[in-house]
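Single-letter residue listing:
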Amino acid sequence: MSPLDAIAILAAGVAAGTINTIVGSGTLITFPVLIGLGWAPVVANVSNNIGLVPGAFTGVVGYRRELEGQRSHVLSLAPFTAVGAVAGAVALLVLPASAFKAIVPAFIAVAIALVAFQPRINAALAHRRRPGAENRVGLRGATVATGVYGGYFGAAQGILLMALFGVALPQDLQRSNALKNLLAMTANLVAGIVFIFAADVDWGVVGLIAAGSILGGYLGSRYGRRLSQDRLRALIVVVGIAAIARLLFG
């Protein structure tokens, strides 16, 4: 690894950590950089996943105020995220990349639509939803699915989670973002543990992305928490569209 390569990976880690904390899809920054610099796709994906965990933790700490009062959600959903992440990590190691990547853009498109039209969807569902009521079975099942996706690739997992919470949980976007950060970190951490024992990891890449993502997580939590709900929703949509374009057209 040359000094210029190291600088590029470190910078990508900062950018990914920042955008992961605010929205999600940071992997769409770091992963292409690693591929462009010559790393094999699976090694790049695995090393990137592990490297982003420290930055995710920084983001969770930065959003700790918004996590207050969400203990029941965390305890209810984190185990299901972990189960899904294990399945996704195993799938990455045993399945061809094309098997899952083909439908990733469709998942992101649905998530973008849900986020963009969340106010209208919530208004339509309001008369059917009892005060404080939540479809816990459906929410947990969907959380498992996002965990599988996060363990397999992870790009735009945050957008999927924000869309899910926007429809399923009666709370504002910043509180949902805090919960999203914690569950995305859970998926990365659990999948990372699987990869450490079962995959080829480039620890130099991990260290650089980790260092960058810690700074990025701090920046994301510092400035992302100041965004209004409308601006945060708009940013999610923009990043989601960019993610689809990146996946479809490289």
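This text follows the structure it describes.
Report on the accompanying structure.

Conventions adopted
Residues numbered from 1 in each chain as written. Predicted model: local features only at pLDDT ≥ 70, side-chain atom pairs only at ≥ 80, totals over all residues. Heavy atoms only, no water. Helix = DSSP H or I, 4+ residues; strand = E, 2+ residues; numbered from the N terminus. Contact = heavy atoms within 4.5 Å. Buried < 20%, exposed > 50% of the residue type's maximum accessible area, 1.4 Å probe, protein only. 1 Å grid on protein atoms, 1.4 Å probe; cavity = no way out; pocket = protein on both sides within 12 Å on 5 of 7 lines; lining within 4 Å. Points joined across faces, edges and corners; volume = space filled by probe spheres on them. Nonpolar A, V, L, I, M, F, W, Y, C, P; charged D, E, K, R; others polar. Patch = residues over 30% accessible without salt bridge, like charges linked within 9 Å, V, L, I, M, F, W, Y side chains within 5 Å. Areas by Shrake-Rupley, 256 points an atom, 1.4 Å probe, with all protein chains shown as cover. Salt bridge = Lys/Arg side-chain N within 4 Å of Asp/Glu carboxyl O. Expected span 1.5 Å × (residues − 1). Bend = angle between axes of the 7 residues up to and from the residue. Core = buried A, V, L, I, M, F, W, Y, C linked by side-chain atoms within 4.5 Å.

### A short note on the environment of Asn 45
The topology assignment puts Asn 45 in helix α3 (residues 41–51). Between the alpha carbons of Asn 45 and Phe 195 there is a distance of 10.0 Å; along the sequence they are 150 residues apart. For Asn 45, the contacting residues outside a window of four places in its chain are Phe 31, Leu 92, Tyr 152 and Phe 153.

### A look at the side chain of Thr 186
Tracing the chain through its elements places Thr 186 in helix α12 (residues 173–198). Given the relative accessible area of 13%, Thr 186 is considered buried. If near-sequence neighbours (up to four positions away) are discounted, Thr 186 is found in contact with Ala 78, Thr 81 and Ala 82.

### Considerations on empty space enclosed by the protein
According to the stated counting rule, one finds one cavity of 30 Å³ or more in the structure shown. Volume-wise, the largest cavity comes out at about 260 Å³. If you trace the largest cavity, you find 26 residues lining it, with Asn 20, Ala 56, Gln 157, Ala 184 and Asn 188 closest to the centre. Put simply, the parts of the chain that give the lining of the largest cavity at least two residues each are α1 (3–22), α3, α4 (53–62), α11 (157–168) and α12. It is α12 that contributes the most residues to the lining of the largest cavity, five residues altogether. Across the lining of the largest cavity, the residue classes break down as seven nonpolar, 18 polar and one charged.

### Side note on a nonpolar patch on the surface
On the surface, Val 42, Val 86, Val 90, Leu 93, Val 94 and Leu 95 cluster together to form a nonpolar patch covering roughly 460 Å² of accessible area. Position of Val 90 among the secondary structure elements: in helix α6 (residues 71–94).

### Overview of α6
An α-helix turns once per 3.6 residues; consequently, residues spaced three or four apart project the same way. With 24 residues, α6 extends 35 Å from end C-alpha to end C-alpha; this agrees with the ideal 34 Å at 1.5 Å per step. The largest bend in α6 amounts to roughly 30 degrees and is located at Leu 77, with the proline Pro 79 lying one to four residues further along.

### Focus on the nonpolar core
Counting 31 residues, the largest nonpolar core has Ile 9, Leu 34, Trp 39, Phe 153 and Phe 195 as the members making the most contacts within it. Contributions of two or more residues to this core are made by α1, α2 (27–36), α3, α6, α10 (136–152), α11, α12 and α13 (203–224). Once residues within four sequence positions are removed from consideration, Ile 9 is found in contact with Met 1, Val 33, Leu 34, Leu 37, Trp 39, Val 205, Leu 208 and Ile 209. Counting 19 residues, the second largest nonpolar core, distinct from the first, contains Ala 178, Leu 179, Leu 183 and Ala 184.

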